[in-house]
Amino acid sequence: MPYRSGRSDGSERQQRDVPMICSLRKKVFQAPPESRTQLKLIRRFAGLALLLAAAGAVRADTEYYRHVFFDNSLTPDSYFYSAGKASSPSLLTLLNGKLPVETHIFRTPPNALRLEWTSQPGGGWVAQIKVVKFRNREIGFEGEVLSFWCFAPERIGSADLPLLRIEDVSKNFSGPVPLARFSRAVPAGQWVHVKIPLRDFVNASIRPLESNHLGGLIFSQSSADAAPHTLIVDEITIESSQKAAAPRRLAAPEDLTATGYERHIDVRWRPVISEHLRNYVIYRSLDGSSYQPVGIQERGLERYTDFLGKTNQAASYKVAAESWDSALSPMSAAASAATRPLSDEELLTMLQEECFHYYWDSSGTHSGMARENIPGDDRIVTTGASGFGIMALVVGMDRGFITRAQGIERLAKIVSFLERAPRYHGAWSHFMDDASGASLPVFDMFDDGGDLVETAFLMEGLLTARQYLNQSNDEEKQLYQRISHLWETVEWDWYRQSPQSDALYWHWSPHWSWYINHRLTGFNEVMIVYLLAIASPTHSVPASFYYTGWADGAGRDSKKNDFLDGKTYYGIKLDVGTKEGDPLFFAHYSYMGFDPRGIRDRFTDYFENNRNLALINRAYCIEDPKHYKGYGPDSWGLTASDGPEGYAPNAPDPNNDDGTMTPTGALASFPYTPEASMAALKHFYRDLGERLWGVYGPRDAFNLDDNWFAPIYMGLNQAPITAMIENYRSGLLWKLFMSNPEIPPMLKQIGFAADPSIHQSPAVVSQHH
C-alpha cells in the first residue's frame, strides 16, 4: 500500500515507486438608525505531565498559515476553495464546479487535489485553487518560493504539463509560467517537488501583483495534445529560505495516549519543542503492525481526532514530527484504543469535554483567555468568549476533565491578565492582545475602547466561578476577593451615556467618546447586561432601565418597540421576540449563568419563551421553505456563525437563512429541548462524522448545499454547548450564578416573581420569595 517513509535519519521523504497514502452576532439586531453604519460585522488527559505540557504549548496558527496554502480538504469529494471551467472541445473533470479530492494518493494525509484534463486544439480549461479565508486571518505569506508536490499515475511529458499563474487577494494576476520550466516530465508513480521563485511570476494586471498576499493558483491548458492526463497536487506552501536551508532532525513525540469514544478515537502526545517543527503526522494501524498515515496536525496542537465512523473498532497509533523542510522524525511509541457504544449520558460527557478543550488546550499563551477563533490570529483573545470559557472551565473542574488545582491556576492566570489589561470606566474592550493586553480594534478604528456587552459576558462567567471557589482555602479565598474587585469596578452607570438616559450603550472610547452610539435595546442577547448593571453593588443603574432599555419601553401603547411579539409561529406562541424566533444565541448567552426557570417578569417566563424560540427554529428547519439540503427534525439550530461567505446571523426566516447550519444552536438548547437536541447531537456526530467532528467537537458550521464545512471553531459557539448541557444535566452553572448575593435583590427590584403556571425550580424560586 502507498505510504509515507518513516526514516529516522531526519532526511527528506524518499521518493517511492508508489505514492503515500486533513454577531455579525445579532449586532444587526434592531439597532437605531443612527448607529447602523457603525455596527460590527461580526475535551481527559492521561497523566499530569501531558496535561501541563499541552496547556503550556505555544500556539502557532499564525505561523503555520503564513506558509501553508493547502494541506487538506475537509470534504472527501470536492474541494470548496476551488473552481474550474473547460471550453469545448477541451475537458476538465469537476464536481459541482469544484476540483475533485484525491483520497488514495497524497503527501499530507488524508487527501490531495486531482487535476484531470484533456487539452484539445481550439479549446481550453482553467482550474483554480483558492486560499482558505477564515476570520482574523491575514493573507500574508512569508517566503520567496512557491512549493508544491505533483504525482502522476501515468507519465506526463514536460511539454504537456499545464501553465500556472498566481493571483493575489485583490485579484491582480501574473502572466503564465510553464511548469515545464521547473519540472521535467513527471514519471508515473513518483512524487515530484516543484519549486518556483515568486519573482518568476511576472505581473500581467493593471495594478501591482502582491505575490505574498497569495489568493489563488490558476492552472490552465498548455499544449493541445488531445490526451487525457491526471496530476495529483498536494502540500502547497510558500517556503522561506531560512526555514528550508537544511534538513532538520526532530525528536519523536513522546507520551502518546489514545482514548476511544463511540465513533472516534482521540490521540494525544507531548509537544515537540523546536522552531523547525511544522506539523505532526498521525499513523494508524488496524492490525497492530502495518501503519498508514491518516492525518496531520499543525504545530501547537498535540491532539488529533481520528473519526473511524463505527463502534467496536480497535486501532493503534504512532505520531511523527515533521519539519518545515519536510523531514520526518522517528515515530513515537504506539498507543491503542477502541471505539465502543456510548449511552446518551456518555455522549453528553464526550461532547462537553471535546468543546471544553477549546478553552483548555488552545487558550492565549500569556493570558489564558479564549481565542476568538481557531485557527485564527494568535494575538487575538476575546472578552465575551472568555467569560463563556470560564464557565466551561468550571464544568471541566467539576466533571474531572482537569483537576481543581489546574482549573484554579488557569482562572488565576485569567484574572491576573484582566487586572492589568486596559479598562474603560471598568469595561474591557472586545478584543485584546494576548501578550500585552492592549486593546485591539479588530472591527474598525472606532472600536478601540470599552465594550459593555462583552464585559457583561465576561462578568457572567467570573461571578459564576467566584461562587465555585472554596472560602476555606486561602488561595481560592484570595481569588474570590480579586474577582469581587473586578466586579465592583465595572462602571455600569457610566455607560448610560448621560444622566437623562433611560438605557445603556454598547461602546465608549476615550478617543471617539459615544461615536458608535449603540443603544442596548430590544429583545436580543444583552439581557445579562441590564441584570448585572442593576445588580452592581457600586455602579448600579435604576431597575427601571430593564424596562425602558432592554425591553424597549414594552407595554407603552405610544411606543413601537422591538421586544414584544405575541404572535404564533408553527402553532407555537412567542411572547417576546422580534421576528419568527431570531437566532438561537438569544436563548443562550444571557442564560448560561442566569437561571430563568420558574420565574417571570411582566412579559414572560424566559425559560418557556426560550424553549419556544428553539421549537420555532426546529419547526422552520423541518418545513425548510427554501429547500436547503440537510435541514430536518434532527438537523436544526439556526444561529450566528461563520458561513461560506463569512459571518452571518442566521435565523429561522427566509431573509436570514442562507443554508448554513450551526451545531451550537441545537446543542446549546439542551435545557429547553432535550429530546430534539439529543437527536441533533446524534445526527451531527454519527451522520456527518469526519467532515464535521474534530478536536473540539463539532466545527462551527456547515452548509450542505455548498458542500462547505467551517475550517474554524469559534469561542462564542463552543462554550455554550458545554455550559448549557451542564445546566440541563445538573443545573451547576445556574446554581452558582444565582447564589451570588447581588442577584436575588436585583430580580426583586425588577419585579421577577414565581410563575405558578409551570414547573418550579425550588432552589431558584426560594430566592425570590
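For the structure, see preceding data.
Because the structure is a prediction, the values reported are computed rather than measured.

Caption draft 1: Representation of the layout of surface pockets in the model. In this structure, the second largest pocket encloses a volume near 390 Å³. In terms of lining residues, the second largest pocket is bounded by 23 residues, among which Tyr81, Lys130, Val131, Lys133 and Pro644 are the most central. The residue makeup of the lining of the second largest pocket, split by class, is eight nonpolar, six polar and nine charged.

Caption draft 2: Quick peek at the nonpolar core. Leu146, Phe148 and Phe594 are the most contacted members of the largest nonpolar core, which has 208 residues in total. Each residue touching Leu146, except ones within four places of it in the same chain, is listed here: Leu164, Ile166, Val194, Lys195, Ile196, Leu198, Phe201, Leu214, Leu217, Ile236, Thr237 and Ile238. Grouped together as the second largest cluster of nonpolar side chains are 19 residues, Leu250, Leu256, Tyr280 and Ala315 included.

Caption draft 3: Geometry of empty space enclosed by the protein. By volume, the largest cavity amounts to about 70 Å³. At the level of elements, helix H4 (383–398) and helix H5 (404–420) are the ones that each hand at least two residues to the lining of the largest cavity. With five residues, H4 is the largest single contributor of residues to the lining of the largest cavity. Tallied by class, the residues present in the lining of the largest cavity amount to seven nonpolar, four polar and one charged.

Caption draft 4: Quick look at the pattern of salt bridges. On inspection of all chains with the given rule, the structure shows 34 salt bridges. Residue Glu239 pairs with Lys195 through a salt bridge whose shortest N-O separation is 3.4 Å. In this pair, Glu239 sits in strand E12 (residues 228–239) while Lys195 sits in strand E10 (residues 191–197), placing the two residues 44 residues apart along the sequence. Classification of Glu239 as buried rests on a relative accessible area of 15%. Taking relative accessible area as the criterion, Lys195 reaches 39% and is therefore assigned partly exposed. In this structure, the salt-bridge partner of Arg303 is Asp361, at a minimum N-O distance of 3.7 Å. Pair noted here: Arg303 is in strand E17 (residues 303–307) and Asp361 is in helix H3 (residues 344–361), with a separation of 58 residues, a long-range link. Residue classification places Asp361 among the buried positions, given a relative accessible area of 4%. If you follow the salt bridges from partner to partner, you end up with Asp266, Arg268, Arg303, Glu354 and Asp361 in one network.

Caption draft 5: Region of interest: the sheet that holds strand E16 (residues 292–298). Within the open sheet, the four strands sit side by side as E16-E15-E18-E19. Their pairing is antiparallel. Each having just a single partner strand, E16 and strand E19 (335–338) make up the two edges of the open sheet. Taking the axes of each pair of neighbouring strands and ignoring which way they run, one obtains an average angle of 30 degrees across the sheet. Pairing between strand E18 (residues 314–323) and E19: four bridges, direction antiparallel. Note that in E19 the partner of Ala314 across the bridge is Ala338.

Caption draft 6: Layout of the packing of H4 against helix H14 (residues 715–729). Taken N-terminus to C-terminus, the directions of H4 and H14 make an angle of 35 degrees; their axes are 8 Å apart at the nearest point. Here the hand of the crossing between H4 and H14 comes out left-handed. Listed contacts from H14 to Gly384, Ala385, Phe388, Gly389, Ala392 and Val395 of H4 are Gly715, Leu716, Ala719, Pro720, Thr722 and Glu726. Here the residues of the contact of H4 with H14 are counted per class, giving seven nonpolar, four polar and one charged.

Caption draft 7: Quick look at the sheet that holds strand E13 (residues 254–260). Taken in spatial order, the three strands line up as E13-E14-E17 in an open sheet, and their pairing is antiparallel. The open sheet has two free edges, formed respectively by E13 and E17, since each of these has just one partner strand. Sheet twist, expressed as the average angle between the axes of neighbouring strands with direction ignored, equals 20 degrees. Bridge analysis of E13 against strand E14 (residues 264–270) gives five bridges, and the strand direction is antiparallel.

Caption draft 8: Molecular detail of the packing of H3 against H4. Contact geometry for H3 and H4: axes closest at 9 Å, N-to-C directions at 125 degrees. The orientation of H3 with respect to H4, classified from their angle, is oblique. Seen along the crossing, H3 lies across H4 with a hand that is left-handed. In this structure, H3 contributes Gln352, Phe356, Tyr359 and Trp360 to the contact, and H4 contributes Ala385, Gly389, Ala392, Leu393, Val395 and Gly396. Across the contact of H3 with H4, the residue classes tally to seven nonpolar, three polar and no charged.

Caption draft 9: Quick peek at the pairing of strand E8 (residues 163–168). Burial analysis of E8 places five of its six residues in the buried class, the great majority of the element. Two strands pair when backbone bridges link them, and E8 and strand E9 (residues 177–178) are joined in this way by two bridges, in the antiparallel orientation. Residue Leu164 lies in a different strand from E9, and its bridge partner there is Val177. Where E8 and strand E11 (residues 214–220) come together, six bridges link them in antiparallel fashion. For Asp168, the partnering residue across the bridge sits in E11 and is Leu214.

Caption draft 10: Spatial organisation of helix H7 (residues 474–488). Helix length check: H7, at 15 residues, gives a terminal C-alpha distance of 21 Å against a target of 21 Å (1.5 Å per residue), a fit within 8%. All of the buried residues along H7 are Glu476, Leu479, Ile483, Ser484, Leu486 and Trp487. Along H7, the residues classed as buried sweep out an arc of 160 degrees about the axis, all on the same side. In the core, the buried residues of H7 are packed alongside H5, helix H6 (452–466) and helix H8 (527–535).

Cut-offs used in this document
Residues numbered from 1 in each chain as written. Predicted model: local features only at pLDDT ≥ 70, side-chain atom pairs only at ≥ 80, totals over all residues. Heavy atoms only, no water. 1 Å grid on protein atoms, 1.4 Å probe; cavity = no way out; pocket = protein on both sides within 12 Å on 5 of 7 lines; lining within 4 Å. Points joined across faces, edges and corners; volume = space filled by probe spheres on them. Nonpolar A, V, L, I, M, F, W, Y, C, P; charged D, E, K, R; others polar. Core = buried A, V, L, I, M, F, W, Y, C linked by side-chain atoms within 4.5 Å. Buried < 20%, exposed > 50% of the residue type's maximum accessible area, 1.4 Å probe, protein only. Contact = heavy atoms within 4.5 Å. Helix = DSSP H or I, 4+ residues; strand = E, 2+ residues; numbered from the N terminus. Salt bridge = Lys/Arg side-chain N within 4 Å of Asp/Glu carboxyl O. Pairing = 2+ DSSP bridges. Axes fitted to C-alpha atoms, helices over the stretch in contact; angles between N-to-C directions. Left-handed = near helix turned anticlockwise from the far one by under 90°. Parallel < 35°, antiparallel > 145°, perpendicular 65-115°, else oblique. Expected span 1.5 Å × (residues − 1). Arc of directions from axis to C-beta.

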